[in-house]
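Overview (structure and organization)
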Amino acid sequence: QAQLVESGGGLVQAGGSPRLSCAASGRTFTGYTMGWFRQAPGKEREFTSAINWIGSQYYADFVKGRFTISRDNAKNTLYLQMNNLKPEDTAVYYCVARPDSDPYTIATMTSWNSWGKGTLVTVSS
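What counts, and where the lines are drawn
- Residues numbered from 1 in each chain as written.
- Predicted model: local features only at pLDDT ≥ 70, side-chain atom pairs only at ≥ 80, totals over all residues.
- Heavy atoms only, no water.
- Helix = DSSP H or I, 4+ residues; strand = E, 2+ residues; numbered from the N terminus.
- Rg over C-alpha atoms; globule rule 2.2 N^0.38 Å.
- Buried < 20%, exposed > 50% of the residue type's maximum accessible area, 1.4 Å probe, protein only.
- Contact = heavy atoms within 4.5 Å.
- Areas by Shrake-Rupley, 256 points an atom, 1.4 Å probe, with all protein chains shown as cover.
- Lys, Arg positive; Asp, Glu negative; His and termini not counted.
- Charge placed at Lys NZ, Arg CZ, Asp CG, Glu CD.
- Pairing = 2+ DSSP bridges.
- Axes fitted to C-alpha atoms, helices over the stretch in contact; angles between N-to-C directions.
- Disulfide = S-S within 2.5 Å.

What follows is about the overall build of the chain. Scanning the chain from N- to C-terminus turns up 0 helices and 11 strands. What you see in the chain, going N to C, is helices and strands ordered as β-β-β-β-β-β-β-β-β-β-β. Taken over C-alpha atoms, the radius of gyration comes to 13 Å for the chain, in line with the 14 Å a tight globule of 125 residues would show. Its C-alpha atoms give the chain principal-axis dimensions of about 40 × 25 × 25 Å. Burial analysis of the chain (125 residues in total) assigns 43% to the buried set. Restricting the contact set of the chain to residue pairs at least 6 apart, pairs at least 24 apart contribute 57%. Working note: accessible area of the chain is about 6400 Å², and carbon and sulfur atoms make up 49% of it. Separation of charge centres in the chain, based on 12 positive and 9 negative side chains, amounts to 5 Å.

On to the sheet that holds strand 7 (residues 67–72). Taken in spatial order, the 4 strands make up an open sheet running 1-3-8-7, and their pairing is antiparallel. One side of each edge strand has no neighbouring strand; the edge strands of this open sheet are strand 1 (3–7) and strand 7. Ignoring which end each strand starts from, the neighbouring axes of this sheet average 15 degrees apart. Inspection of the sheet shows strand 1 paired to strand 3 (residues 19–25) by 5 bridges, in the antiparallel sense. Bridging from a neighbouring strand, Ser7 pairs with Ser21 of strand 3.

Moving on to the state of the cysteines. Considering all chains together, one arrives at 1 disulfide under this definition. Between the sulfur atoms of Cys22 and its disulfide partner Cys95 the distance amounts to 2.0 Å. With the S-S bond torsion at -80 degrees, the cross-link from Cys22 to Cys95 turns out left-handed. Placement of Cys22 in strand 3 and of Cys95 in strand 9 (residues 91–98) is noted, with a sequence separation of 73 residues between them. When its relative accessible area of 0% is taken as the criterion, Cys22 is described as buried.

Structural data, given as structure tokens:
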């Protein structure tokens, strides 16, 4: 059973640049696509970014130019560098993983079969 554990959340001032990490364990993630979803208070969970095994990146429009997703395959670790945070970025951020790389379904929650428990990022104005 794959385990995904997020870290790096907390209270950040607007304009801040925290980096989230996701440590993956419990299986090999060779060939896996990994990504980040988020859920703001009172809102539905939404896709933010994904990266496949060879490093191709995908972003939701609202994070393009501010967030950068990356991964270290040797360490089984996923990262999300977030820059110029806004109060509306306040959310629980979830690490996700799945074995396929179909770019047409990466924004669909049900297409991801492994989820972390999430890390809360709170952006103060």
